[in-house]
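# Structural overview for review
Chain residues, written in single-letter form:
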Amino acid sequence: MVESWDGTLSSTEFYVAACAFAKQWRKFNRSLPQWSWVTCPKRPWISHDNQVGYLSVENVILPRLSEEADQKGDIIEKEECVSEYEDEVVDTAVVVHNGGPGVHRYDFHAVYSASYRVPVLYFLQFRANGQPLLLDEIEKDIPVHSAELLTRSKWTFMTQEEHPELNRPWYTLHPCGTSEWMKLLLSTDASAAQSGIPVEKYMISWFSVVGQVFGLKLPVEMLNLVGADSTIVCTQ
Amino acid sequence: MVMDYKRGGTDAQQYVWGGAIPLQIHLHDSEVTTLPPPPPALILAPRLGYLPLLVPQIKPFFSSSLPPGVDTVWFEYRGLPLKWYIPTGALFDLLCAEPERPWNLTIHFRGYPGNMLPPCEGEDSVKWSFINALKEAAYIINGNCKNIMNMSQSDQAELWRSVLNGQLEAYLRVSSKLKLDIVGDDFAFKLNSTTSHSRQSTTDLDTTGTIRTGRIPVRLYIRTIDEDIDGLEDAPIVDSWEKISYINRPVEVHNEGKCFTLYDAIKTLLPELFKDEPSVDSNTCEAEVKGGQNSNEGSSKSTEERGEAQTERAGLPSDSAEIKLIRIQGIEPQLEIPFGWVVNNLMNPEYYLHICIYVKVLEPITI
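Here the structure is a predicted model, which is why all the values come from computation and not from measurement.

This part takes up the UniProt feature "domain: Autophagy protein ATG5 alpha-helical bundle region" (unreviewed entry) in chain B. Residues annotated in UniProt with the feature "domain: Autophagy protein ATG5 alpha-helical bundle region" (unreviewed entry) correspond here to residues 123-179 of chain B. Taken end to end, residues 123-179 of chain B has its terminal C-alpha atoms 26 Å apart, with 77% of it in helix and 0% in strand.

Our next topic: the interface of chain A and chain B. In this complex, chain A contributes 27 residues to the contact, which on the side of chain B involves 41 residues. At the boundary of chain A with chain B, total buried surface from both sides reaches about 3,000 Å², with 53% on carbon and sulfur atoms. Between chain A and chain B we count one salt bridge in total. Linking chain A to chain B there are 10 residue pairs in polar contact (both at pLDDT 80 or more). Of all elements in the fold, only α6 (154-157) and β5 (158-162) of chain A reach the threshold of two or more residues within the side of chain A that touches chain B. Partitioned by chemical class, the residues of the side of chain A that touches chain B number nine nonpolar, 11 polar and seven charged.

What follows covers the nonpolar core. A general feature of soluble globular proteins is that nonpolar side chains tend to end up buried together. Counting residues in hydrophobic clusters, the biggest one holds 100 residues, and the most contacted among them are L23(B), W103(B), F339(B) and I357(B). When residues of this core are assigned to their parent elements, the largest contribution, eight residues, is made by helix α5 (residues 123-142) of chain B. Excluding residues within four positions of it along the chain, W103(B) makes contact with I21(B), P22(B), L23(B), Q24(B), Y77(B), L82(B), T88(B), L91(B), F92(B), L95(B) and C96(B). Among the nonpolar cores identified, the runner-up in size contains 59 residues, and V60(A), L121(A), L218(A) and C145(B) belong to it.

Attention now moves to the pattern of salt bridges. A side chain with one charge can pair with a side chain of the opposite charge if their charged atoms come near. Residue and element names in this part refer to chain B. Taken as a whole and judged by the stated rule, the model has 10 salt bridges over all chains. With a closest N to O distance of 3.1 Å, E136 and R219 form a salt bridge. Of this pair, E136 sits in helix α5 while R219 is found in strand β8 (residues 218-225), placing the two residues 83 residues apart along the sequence. On the accessibility criterion, R219 (10% relative accessible area) is buried. D239 is the salt-bridge partner of K243, the closest N and O atoms lying 2.7 Å from each other. Given a relative accessible area of 33%, K243 falls into the partly exposed group. On the basis of relative accessibility, which here comes to 46%, the residue D239 falls in the partly exposed class. Within this structure, K59, D71 and R110 form a network of salt bridges that share partners.

With that settled, consider the pairing of strand β11 (residues 321-327) of chain B. All names here are of chain B. Counting buried residues along β11, six of its seven residues qualify, which places the element largely inside the surrounding structure. Pairing geometry for β11 and strand β12 (residues 353-361), over six bridges, is antiparallel. Considered in β12, the bridge of E322 is made with K360.

What follows is about the sheet that holds strand β3 (residues 74-77) of chain B. Residues and elements named next belong to chain B. Ordered in space as β2-β1-β5-β3-β4, the five strands form an open sheet in which the pairing is mixed. The open sheet terminates on both sides in strands that have one partner only, identified here as β2 (41-46) and β4 (80-81). Bridge count between strand β1 (residues 20-27) and β2: six bridges; the pairing is antiparallel. Looking across to β2, one finds that Q24 is bridged to L42.

Before going further, it helps to spend a moment on the side chain of D107(A). Residues and elements named next belong to chain A. Tracing the chain through its elements places D107 in strand β3 (residues 105-113). Of the side chains bearing the opposite charge, R105 lies closest to the buried D107, which forms no salt bridge; the N-O distance is 5.1 Å. One polar contact links the side chain of D107 to the main-chain amide nitrogen of N59, over a distance of 3.0 Å. Setting aside chain neighbours within four positions, we find D107 in contact with V57, E58, N59, Y122, F123, L124, F126 and W170.

All names here are of chain B. The residue T88 is located in helix α4 (residues 88-95) in this model. T88 gets classed as buried once you look at its relative accessible area, which sits at 0%. Sequence-distant contacts of T88, defined by excluding residues within four places in its chain, comprise I21, A45, P46, R47, G49, Y50, L51 and W103.

It is worth spelling out the domain arrangement of chain B at this point. Residues and elements named next belong to chain B. Under the domain assignment used here, chain B contains domain 1 (13-108), domain 2 (123-178) and domain 3 (190-361). Between domain 1 and domain 3, the contact holds 22 residues from the first and 24 residues from the second. Carbon and sulfur atoms make up 62% of the area that domain 1 and domain 3 hide from each other, which totals about 2,100 Å². Sorting the residues of domain 1 by area buried against domain 3 places D93, L94 and A97 first, and these three jointly supply 29% of that buried surface. For the interface between domain 1 and domain 3, the tally reads zero salt bridges. At the boundary of domain 1 and domain 3, one finds 11 residue pairs in polar contact (both at pLDDT 80 or more). When contributions to the side of domain 1 that touches domain 3 are tallied by element, the ones reaching two or more residues are α2 (11-18), β4 and α4. Here the residues of the side of domain 1 that touches domain 3 sort into 16 nonpolar, one polar and five charged.

A few words now on a negative patch on the surface. Residues E98(B), D230(B), E233(B) and D234(B) make up a contiguous surface patch of negative charge. By secondary structure assignment, the location of E233(B) is in the loop between β8 and β9 (244-248).

Attention now moves to α4(B). By the criterion of burial, α4(B) is predominantly enclosed, with eight of the eight residues buried. Every buried residue belonging to α4(B) is among T88(B), G89(B), A90(B), L91(B), F92(B), D93(B), L94(B) and L95(B), and all of these are buried.

Scoring rules and cut-offs
- Residues numbered from 1 in each chain as written.
- Chains lettered and ligands numbered in written order.
- Predicted model: local features only at pLDDT ≥ 70, side-chain atom pairs only at ≥ 80, totals over all residues.
- Heavy atoms only, no water.
- UniProt positions renumbered as here; feature names shortened; annotations may be inferred.
- Helix = DSSP H or I, 4+ residues; strand = E, 2+ residues; numbered from the N terminus.
- Contact = heavy atoms within 4.5 Å.
- Buried area = accessible area lost by both parts, 1.4 Å probe.
- Salt bridge = Lys/Arg side-chain N within 4 Å of Asp/Glu carboxyl O.
- Polar contact = N/O pair within 3.5 Å; in protein donor to acceptor, adjacent residues only side chain to side chain.
- Nonpolar A, V, L, I, M, F, W, Y, C, P; charged D, E, K, R; others polar.
- Core = buried A, V, L, I, M, F, W, Y, C linked by side-chain atoms within 4.5 Å.
- Buried < 20%, exposed > 50% of the residue type's maximum accessible area, 1.4 Å probe, protein only.
- Pairing = 2+ DSSP bridges.
- Lys, Arg positive; Asp, Glu negative; His and termini not counted.
- Domains from an automatic or database assignment.
- Patch = residues over 30% accessible without salt bridge, like charges linked within 9 Å, V, L, I, M, F, W, Y side chains within 5 Å.
- Areas by Shrake-Rupley, 256 points an atom, 1.4 Å probe, with all protein chains shown as cover.
- Charge placed at Lys NZ, Arg CZ, Asp CG, Glu CD.

Quick look at the structure:
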């Protein structure tokens, strides 16, 4: 009986995928803040594996896309900004790493959902003085097309709810569609590799989608690790 | 006969839907601007409801006393801001070790603790949170949220209204359209085959012997007690949500011919608390299921003895902790009750079973 993969992961597979992603990110994004696994300080007698936790990256500054690029949706102009991720090119026109007073910093967490069996993105953004931003300020930060999606289906897209591991409200991208688009992205890999789910590629594909909401694009070298059809590069 | 009880719900469902907690609501001192201060408001809060839904009833008691400003309502119990998206009954079962009647809560209309609680803008926020939980439960049961996303506007409105007003019959009428039945008449679970193409279909009992699995939505709230106490009334109050461990993880059920009990369910979620213990005697369980089938209560007198032994076994300490109490909808069900019965009768309208567990953390033995 042929089993087709449904786009989901077990929590153990997520742990493996997350560690692989952190390593891949370190290899190709050395100048950016790094992902690290945060083990949850739960009582040891609650969970029997040490892998209960989440993947975290802090102080990410979103790339500044020019106003023209946003409005025209011109692919060429957007690709100029991808260059900031490559070590050798420093685009001085793009404020990235030092951050002035108007710069907003983001913390991103990838937390496993046992219900949906996929990673879920939680995020918080801060002004330079450490104060968190409100939802409508975030909307100004993200690329225009994401903002459109946001207003069209607000409740199913970006919402505020309690972080599953920290007792605080965070923002999150709703996960109910994740397994479907992950299946689309990686199912050819899954059936080709008879060993099952392509765990090593999972987070790259996942981030290639959720990162787009914030204008974060993975460098070409990372995308090549999984193949062109296993990621989404936004062309709108 | 069977259809009659299904239309109006089982006896246990009626008890649960009719269940309410008497509240005595005090306006916070900092918001009292009149002398004498307003007396507390006394109201009945449905177990299956949510605190913000009571604000329209409560506000009239205090509105003349409030300082000027915009209302941002929140509730607090002994200094702990209450999470408004947790059903009232679950909050009560968790935070009042020894049930306090009436339950004394403080209400605030100003100074919302936005660093601790997501914003709540009244009924709309609660409804959204409820629908979201229902979607998640549907995903757990069926592998997709389609039947929730495809609900007609009128069905959604009717469902929410039945929850708002605590109308079980209306609720059962609408919810039956959602095809989220996970339990059959014999308390056995309706399971899906493991091949993923059939994950989305609810199927009959499989006779070919393939392994069948199902996932049941469960929310577990674990309160740890790390002091030596004689009785529950001595339990230290919860002054921070850090003292509560929240586990939102489905129970996986595999049909291997054995009866799956509440004990089995909790053991799958918290295996560390059941180390080195004998598993449930499946023969005993089958006999109990047959004997209990005619009564909706689900536990006959002959099981009391076994129940006690069972509870004692669960109480046997692992190296570091032991379960003191398992509370669902305000009761402590016998652990050998079929889990299917517990789910069918004690779950909340969003198809989640909320379980409160008190765990005593033992002192490490020092040599």
